[in-house]
Structure formats: structure tokens, C-alpha cells
Amino acid sequence: MTTAQTQELDVQPSPLALLLLGREADPRSERGVECPGDLPSPSDPDLVARARAAKEKLGDKVFVLGHHYQRDEVIQFADVTGDSFKLARDAAARPEAEYIVFCGVHFMAESADILTSDEQKVVLPDLAAGCSMADMATAEQVAECWDVLTEAGVAEQVVPVSYMNSSADIKAFTGKHGGTICTSSNAKRALDWAFEQGEKVLFLPDQHLGRNTAVRDMGMSLEDCVLYNPHKPNGGLTVEELRAAKMILWRGHCSVHGRFSLDSVNDVRARIPGVNVLVHPECRHEVVAAADYVGSTEYIIKALEAAPAGSKWAIGTELNLVRRLANRFAAEDKEIVFLDKTVCFCSTMNRIDLPHLVWALESLAEGTLVNRIEVDKETEAFAKLALERMLALP
């Protein structure tokens with residue numbers, strides 16, 4: 001119905017209708033999330049031919065990595081797809097590739113630079129492709145947090161565990177202070193290791209993954225966890241709270257996964273009888289507790305691959321991946337829907353569009369290095385130490 005028709009009928013579009021048409025922002029959204037009602041329109045088809053030509057000209061000199069959350073028009077040019085750590089390791093396994101073009105976000109490109117050789121150059125097609133979660137913990141804030149823990153007399157008991165979705169600076173802090181990195185699939189193993197080294201864990205920067213792993217997978221209670229807020233004096237915690245806690249969770253979260261609510265779960269169960277709710281562990285604790293299945297991006301993909309024909313699934317993760325999976329398994333009569341009724345995607349991940357990818361590839365083909373991501377040697381050394389501890393986990 002057009003605006004003229006609604007005015008003629010004296011009917012005003014509802015706020016939800018405006019939202020789905022992309023005419024206003026969702027009040028629950030924050031930086032890093034967009035809710036346009038649909039994905040961005042595909043780029044100029046001519047760009048597809050240009051991307052193919054540039055990639056063909058570069059040959060084995062370029063290796064393109066595509067994160068699962070990338071839009072389809074970009075992912076079609078990826079040599080490999082996966083989550084952030086898998087892609088960084090894939091890059092390290094291709095030493096003959098002079099250029100690593102990372103279609104993801106900034107912290108992922110940093111990890112690739114840390115794990116690849118000095119001769120390889122990591123390129124991020126758009127330098128503005130960041131991560132709101134990673135930005136929620138800065139090196140200065142974490143150093144101040146460690147001072148608070150020291151003054152409380154607990155720092156010597158604390159082992160830092162940082163999620164892969166963190167900056168190189170935070171990974172370096174973790175390595176320097178005897179900690180390890182984790183992914184969403186090995187978080188329990190990382191925490192088991194950490195509690196063998198010390199009595200407490202400082203978990204950075206995603207509070208939800210830390211809480212869900214501790215409570216759901218390790219049998220801790222919510223009371224064992226405290227939330228450190230870097231924007232409050234002493235993190236908003238008393239010395240007694242810090243001394244009593246087992247898990248000191250950083251006040252950070254994924255802006256996309258944080259949108260899903262218990263109402264989302266209840267609503268989809270009411271709308272789709274027999275639906276299986278499958279969510280990422282970056283979701284809120286109450287969402288994870290109400291879901292049927294919980295797991296990493298790779299777990300989600302494998303679960304849907306193994307699902308029987310005719311099954312119904314509501315997925316709580318980024319929209320690009322959910323839509324790709326829905327299209328992939330439609331022929332097998334698997335119904336796959338986005339958990340939230342409001343259609344949202346990671347806006348920072350979507351900054352890597354086809355125009356930026358074409359520009360990066362054509363520049364490299366012409367001999368011009370653009371948007372190189374390079375981690376300084378000291379930061380790289382300590383960050384790599386933390387990553388190596390993760391790789392050594394049993």
C-alpha cells in the first residue's frame with residue numbers, strides 16, 4: 001500500500017511497518033546493528049566480472065577469506081569460508097599467498113596477521129569494518145581493571161581468558177598475564193585450563209559467552225559470576241564481590257546476538273509448532289537457557305546438515321548466515337527462520353561489500369598495496385603466546 005493510499009484511507013503505517021520498510025531505527029538496536037527489513041541490494045553486476053578478472057590476474061598471489069556473516073555477493077569470491085579463527089589458520093596454511101584479503105572485520109584481520117608470516121600482507125577491504133564487541137574493551141580499560149584487581153588483592157589468583165573476538169591489544173594483555181584465548185567452541189576447555197592455573201578468571205570481552213559457559217557447561221551458579229563495568233569506578237564492584245567471585249565478566253556483548261530475547265523464543269514457539277530453537281552462545285543467558293540447542297557457528301551449520309527432512313528451526317545468529325542456510329536446505333524440506341521477528345544484520349560486517357572488495361583486488365592486481373593490517377611486533381609476540389596456549393589445550 002502506498003503512502004497516498006494510506007492517507008486516502010486515513011490509515012497511518014504502524015511503527016513496525018515503518019521499521020520493516022527501513023524508514024526508522026529499532027529502539028533496541030545499537031551501533032553495529034541495522035534493521036532495514038531486508039538485506040542491502042546487490043551491487044552492480046559489472047562488479048562481479050571485475051572481481052573475477054582481478055582475482056584471476058592475481059592467481060596464487062591472493063587468498064580470499066570469507067567469514068560466515070558476509071553477504072552472498074562477497075562470499076562467492078572466498079577461497080575458504082569459516083569463523084574468524086578457522087580463517088586465520090587457513091591463511092597461515094597458505095604461505096605461498098602474498099596477499100591475504102580478509103572479508104570480515106578488523107580483529108579477524110589482526111589475528112590473520114599474527115598467525116601468518118612476515119612476508120604475507122593482510123588486507124581488509126574496508127578499514128571501517130570493525131566489531132562493536134571488540135571495541136567494548138580497550139587496552140587502557142583492561143589495564144585499569146588489572147589495577148583494581150591488584151588493589152583488591154586478587155590479581156595473583158586471576159587468569160585472563162579472552163574471546164577470539166577481541167583486539168590484538170587485548171590478546172597481548174592476555175598472553176602477558178599468563179592467560180589464553182578461546183573460541184565459542186572451545187570456551188569450556190579454555191576455562192577448565194584456566195581454573196587449573198588459578199582460582200578466578202577474568203573473561204574478556206563477551207559477558208554472555210563467559211556466563212553461559214560457566215553456568216551451563218561447568219555447573220557454576222550465576223552468583224559465582226560478577227560483571228565488571230569499565231565505565232564505573234572499580235568496575236562497579238566491591239572488594240568483597242571481587243574476592244568472592246569465580247568469574248569476573250567484562251561488560252561487553254555482541255550487538256547482534258544481544259538482540260535476541262526470551263520473548264523471541266516464546267514467540268517463535270507459538271508461531272511454529274515443533275520448532276527447534278538453535279542459538280549461538282553469545283546470546284543472553286535466558287535465551288540460551290530456553291533454547292533447544294546452543295553452539296558455535298560451525299556447530300549451527302553441522303546441526304542443520306544433520307537435521308532430518310521436514311524439521312523446523314529458528315536460528316539465533318547473524319542474518320546473512322541464516323538466510324544462506326535457509327536457501328541451502330530448502331530443497332531438503334528443512335524450514336529455517338531467523339529467531340527475531342525484526343530482520344537485522346551486523347552492519348560492520350556488511351561494510352565489506354562488492355565495491356570495496358573489487359577496489360582492493362584491482363589495487364593489488366595493479367601492484368598497489370591498500371588497507372594493510374599490521375600488528376606491531378611486541379603486541380604480536382604476546383598475542384601469539386596467548387593463541388599458542390589455546391592451540392595447546394587438550
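Residues take numbers from 1 onward in each chain, read along the sequence in its written order. Local features are withheld for residues below a pLDDT of 70 in this predicted model, meaning they are given only at 70 or higher, and side-chain atom pairs are given and counted only at 80 or more; totals for whole chains, interfaces and linings count all residues. Derived side-chain values reflect all non-hydrogen atoms in the structure, with water molecules and hydrogen atoms excluded from consideration.

A.B. asks: How would you summarise the sheet that holds strand 9 (residues 225–228) if you had to cite specific residues and measurements?
C.D. replies: Here, any two strands with at least 2 DSSP bridges between them count as paired. Each helix corresponds to a stretch of at least 4 residues labelled H or I by DSSP, and each strand to a stretch of at least 2 residues labelled E; elements are numbered beginning at the N terminus. Taken together, the five strands give an open sheet; going across it, the order is 7-6-8-10-9, and neighbouring strands pair in parallel fashion. The open sheet has two edge strands, strand 7 (180–182) and strand 9, and neither has a second partner. Pairwise comparison of adjacent strand axes, ignoring direction, gives a mean angle of 25° for this sheet. Relative to strand 8 (residues 200–204), strand 6 (residues 158–163) runs parallel, the two being bridged by five bridges. Axis geometry follows a simple rule: fit a line to the C-alpha atoms, using only the stretch in contact for helices, then measure angles between N-to-C directions, giving values from 0 to 180 degrees.

A.B. asks: Give a description of the sheet that holds strand 5 (residues 121–123) that names residues and reports values.
C.D. replies: The sheet built from five strands is open, its strands ordered 3-2-4-5-16 with mixed pairing. Where the open sheet ends on each side, the last strands, each with one partner, are strand 3 (80–82) and strand 16 (372–373). Taken together, the three bridges between strand 2 (residues 62–67) and strand 3 define a ladder with parallel strand orientation. Within the sheet, the bridge partner assigned to L65 lies in strand 3 and is V80.

A.B. asks: Explain the packing of helix 3 (residues 45–58) against helix 17 (residues 354–365) residue by residue, including any values.
C.D. replies: Interaxial distance between helix 3 and helix 17 falls to 9 Å at its minimum, and their mutual angle equals 30°. One way to sum up the angle between helix 3 and helix 17 is to call them roughly parallel. Crossing of helix 3 against helix 17: the hand is left-handed. Facing helix 3, whose interface residues are L47, V48, R50, A51, A54, K55, K57 and L58, helix 17 presents L354, P355, V358, L361, E362, L364 and A365. The residue classification treats Ala, Val, Leu, Ile, Met, Phe, Trp, Tyr, Cys and Pro as nonpolar and Asp, Glu, Lys and Arg as charged. All others, Gly included, are polar. Considered class by class, the residues forming the contact of helix 3 with helix 17 number eleven nonpolar, no polar and four charged. The cut-offs work like this: below 35 degrees is roughly parallel, past 145 is roughly antiparallel, 65 to 115 is roughly perpendicular, and the gaps in between are oblique. Should the near helix be turned anticlockwise from the far one by less than a right angle, the crossing is termed left-handed; should it be turned clockwise, right-handed. Every residue pair with non-hydrogen atoms within 4.5 Å of one another is taken to be in contact.

A.B. asks: With reference to specific residues and values, describe the side chain of H68.
C.D. replies: Position of H68 relative to the elements: it lies in the loop between strand 2 and helix 4 (72–75). Burial classes: relative accessible area under 20% of the type maximum marks a residue as buried, over 50% as exposed, and values in between as partly exposed (1.4 Å probe, protein chains only). Residue H68 is classed as buried on the basis of its relative accessible area, which comes to 8%. Nitrogen and oxygen atoms within 3.5 Å of one another constitute a polar contact, given that in protein one can donate a hydrogen and the other can accept it, and given that sequence-neighbouring residues count only through two side-chain atoms. A distance of 3.0 Å separates a polar atom in the side chain of H68 from a polar atom in the side chain of E298. If we skip the residues at most four places from it in the chain, H68 touches T81, G82, D83, T297, E298, I301, L321 and R324.

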